[in-house]
Amino acid sequence: MTDLDSAVWPMSVSRSAEGVLAIGGTDARALSAEYGTPQWVVDEADFRARATAFRESFEAAFAPLGVAVDVYYAGKAFLCTAVARWVSDEGLRLDTCSAGELAVAIRAGVPGVHIGVHGNNKSDGEIACALDYGVGRIVLDSTAEIARVADAAAERGIRAPVMLRITTGVHAGGHEFVATAHEDQKFGVSIAGDQALAALQGILARPELELLGIHCHIGSQIQDVAAFEATARRMLELRAALAAATGVLVPEVDLGGGYGISYRPGERGLPIGVAAQAIAEAVGTVCQELGTPVPRISIEPGRAIAGPSTFTLYGVGVVKPVTLEDGTVRMYVSVDGGMSDNPRPIMYGAEYTAVIANRVSRAAPVLCRVVGKHCESGDIVIRDIELPGDIAPGDLLAVPGTGAYGRSMASNYNLVPRPPVVAVRENTSRVIVRRETVADLLALDVG
Ligand SMILES: *Cc1c(COP(=O)(O)O)cnc(C)c1O
């Protein structure tokens, strides 16, 4: 139970002789004493290494095809100025999808040409901000946006670099993927019925728009590289069809994010090197079949960079045995956060693991349910887990894999202030997003 599966924990995590969890050389008890609980603890070196691994794996895989790959970190997984700088330092670009994310990117000094802007319902303000800052690409999500962005560019006397988000019919996530011809979801323009082809021709008809290429994003937490291969085929076929219809061969294809990770010991994730090789092979093969040159490729991982770099450090409070109908006892272990800092269990049925972080225990394991402090019986952090039977108030519980869609999806439910994000690196720690206070919450309430 005290084993730390390296597929699940940040790379600098270890246990001392007394069983205390340490990360980046810093003891979990010291982190708790200095910053309080709950807190997210991010291993900066781990985060940077995953970012670099994406860039290097994809560059290496596509080098034989003679094309470059741009890796855009999907900021929605977790974004703050420190993270924006880390990904820039590591040679990645940044995807944003709101005025807020764009503001963080700008504050961090990310060059405009390295920023992408997404969104199925961009506001006029967001389009204006993107154009005024000179972002490298705006990903158009509907035919309606073609005229809006073209008009905004015309007003400024500039050409807006755009891509079109395509719904390919391939949807993936979890352990399966499905390919459907007809689309019933809000993103993008469907390949079906030549809708995408018509929209692309609409873009080419507007001189204020520079069509960089076509974009897709098929889902998240994808474990099966076949979903990416199927998607690449459809995208490259669309690119060829556009070239046949208009003579314009767009230079770039974005294959989106969605690379799966391991949340619990024994889960496999999607090894990045393997995925990069398989996707490059698929792209090479399809381009050869179609007789088209290989495009520049971009990808947009979020979860697979941020997720495994971080754990949540909770304080254990009430520990309550509950006798079930069949006579067995389930120990309810309440922590000082819950669905407000990790909504994934209640939203998606997501499953996590945990260890006691402040000591080693030789007590026999008991069946536990780790729950939060919110006024919902569904406020569960971990539905079923075996933890040492002597788990007690005052213990620290570390839950790994919470770097993506944790802080970025956190809420103030029950007016619980959001925890801080603490970055550790080489025996030092620092707050990169501070803890929200009750005063912050009251400041919003203007009576
Ligand atoms: C969410 C999203 C991503 C990142 O997805 P991950 O599963 O975190 O890798 C990339 N691109 C777009 C357009 C997205 O919406």
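Before any of the text, the structure's been laid out above.
What you are looking at is a predicted structure, and each value in this text was computed from that prediction instead of being measured.

Draft legend 1. Structural view of the side chain of Ser262. Mapped onto the elements, Ser262 comes out in the loop between strand S15 (252-254) and helix H9 (272-290). Residue classification places Ser262 among the buried residues on the basis of a relative accessible area of 7%. Within the structure, Ser262 has its side chain in polar contact with the backbone oxygen of Glu267 (distance 3.3 Å). The contact partners of Ser262, leaving out residues within four places of it in the chain, are Ala7, Val8, Glu267, Arg268 and Gly269.

Draft legend 2. The arrangement of the site of the ligand in detail. As a matter of local geometry, the ligand sits amid 14 residues, with Lys76, Ser220, Glu300, Arg303 and Tyr405 nearest to it. Note that an oxygen atom of the ligand is positioned 2.5 Å from one of the side-chain N or O atoms of Lys76. In the model, a nitrogen atom of the ligand is placed 2.6 Å from a nitrogen or oxygen of the Glu300 side chain. Starting from 380 Å² of accessible surface for the ligand in isolation, the protein chains cover 94%. Looking at the shell around the ligand residue by residue, the class counts come to 3 nonpolar, 7 polar and 4 charged.

Draft legend 3. Just the packing of helix H2 (residues 44-62) against H9, in detail. Taken N-terminus to C-terminus, the directions of H2 and H9 make an angle of 35 degrees; their axes are 8 Å apart at the nearest point. For the pair H2 and H9, the crossing hand works out as right-handed. Residues Ala53, Phe54, Ser57, Phe58, Ala61 and Phe62 of H2 form the contact with H9, whose participating residues are Ile272, Gly273, Ala276, Gln277, Ile279, Ala280 and Val283. Here the residues of the contact of H2 with H9 sort into 10 nonpolar, 3 polar and no charged.

Draft legend 4. Fine view of the pairing of strand S16 (residues 296-299). For strand S5 (residues 69-74) and S16, the ladder comprises 3 bridges, and the chain directions are parallel. Residue Asp70 lies in a different strand from S16, and its bridge partner there is Ser298. Read as a crossover between parallel neighbours, the route from S15 over H9 to S16 is right-handed.

Draft legend 5. Geometry of the packing of aromatic side chains. Under the defined criterion, the tally for this structure stands at 9 aromatic pairs. Residues Phe47 and Tyr73 carry aromatic rings whose centres are separated by 5.6 Å and whose planes lie at 65 degrees to one another, so their mutual orientation is edge-to-face. One end of the pair, Phe47, is in helix H2; the other, Tyr73, is in strand S5, and 26 residues separate them in sequence. Just as Phe47 is buried, Tyr73 falls in that class too. Taking 4.6 Å as the distance between ring centres and 10 degrees as the angle between the ring planes, the aromatic pair formed by Phe228 and Tyr259 counts as stacked. Taken together, the positions of Phe228 in helix H8 (residues 225-246) and Tyr259 in the loop between S15 and H9 put the pair 31 residues apart, joining distant regions of the chain.

About the criteria used
Residues numbered from 1 in each chain as written. Predicted model: local features only at pLDDT ≥ 70, side-chain atom pairs only at ≥ 80, totals over all residues. Heavy atoms only, no water. Helix = DSSP H or I, 4+ residues; strand = E, 2+ residues; numbered from the N terminus. Buried < 20%, exposed > 50% of the residue type's maximum accessible area, 1.4 Å probe, protein only. Polar contact = N/O pair within 3.5 Å; in protein donor to acceptor, adjacent residues only side chain to side chain. Contact = heavy atoms within 4.5 Å. Near = heavy atom within 4 Å. Areas by Shrake-Rupley, 256 points an atom, 1.4 Å probe, with all protein chains shown as cover. Nonpolar A, V, L, I, M, F, W, Y, C, P; charged D, E, K, R; others polar. Axes fitted to C-alpha atoms, helices over the stretch in contact; angles between N-to-C directions. Left-handed = near helix turned anticlockwise from the far one by under 90°. Pairing = 2+ DSSP bridges. Right-handed = clockwise from strand over helix to strand, strands pointing away. Phe/Tyr/Trp six-rings, centres within 6.5 Å; stacked < 30°, edge-to-face > 60°.

Function-wise, these values are silent; they only describe arrangement.
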